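Examining the three-dimensional arrangement
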Amino acid sequence: MLTFYHALIIISIVIKNHVLNERGNNISMTNTELLRQKIYQSGYRIRYIADKLGISYPTLQSRIDGETEFKSDEVIILKELLQLTEDEVIEIFYSKIFT
């Protein structure tokens, strides 16, 4: 079931992709440092998280490194898996959109 919060994440991803296209798609929108901190605090290994996201280890590493962007469904899963608040989700995945 699509919740209002999930719809907002999907809309944010669309906006994020638009901004990336306008900027030449060479600027990461993910706060990689904060994401790494939250992953470390969770105690989960990268391979475990990749499995939960349904992506390969190299793909997840690329996303964490800011080389590629997270998809909306991955953000939703990470929110639950890493027990992120809505504010943390915005700070990690969306705060650089308007800077």
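In what follows, the accompanying structure is described. (Residues numbered from 1 in each chain as written. Predicted model: local features only at pLDDT ≥ 70, side-chain atom pairs only at ≥ 80, totals over all residues. Heavy atoms only, no water.)

A few points about the overall build of the protein
- Along the protein, the regular secondary structure elements total six helices and zero strands.
- Counting over 99 residues, the protein shows a buried share of 41%.
- Long-range contacts, defined as pairs at least 24 residues apart, comprise 65% of the intrachain contacts of the protein with a sequence gap of at least 6.
- Total accessible area on the protein is roughly 6100 Å²; 53% of this is exposed by carbon and sulfur atoms. (Helix = DSSP H or I, 4+ residues; strand = E, 2+ residues; numbered from the N terminus. Buried < 20%, exposed > 50% of the residue type's maximum accessible area, 1.4 Å probe, protein only. Contact = heavy atoms within 4.5 Å. Areas by Shrake-Rupley, 256 points an atom, 1.4 Å probe, with all protein chains shown as cover.)

Remarks on the side chain of Glu88
- Secondary-structure assignment places Glu88 in helix α6 (residues 86-93).
- Contact partners of Glu88, with chain neighbours within four places excluded, come to Lys38 and Gln83.

Topic: the environment of Ser72
- As for its position among the elements, Ser72 is in helix α5 (residues 72-81).
- Overall, Ser72 belongs to the buried group, its relative accessible area being 18%.
- It is 9.9 Å that separates the C-alpha atoms of Ser72 and Phe93, two residues lying 21 residues apart in sequence.

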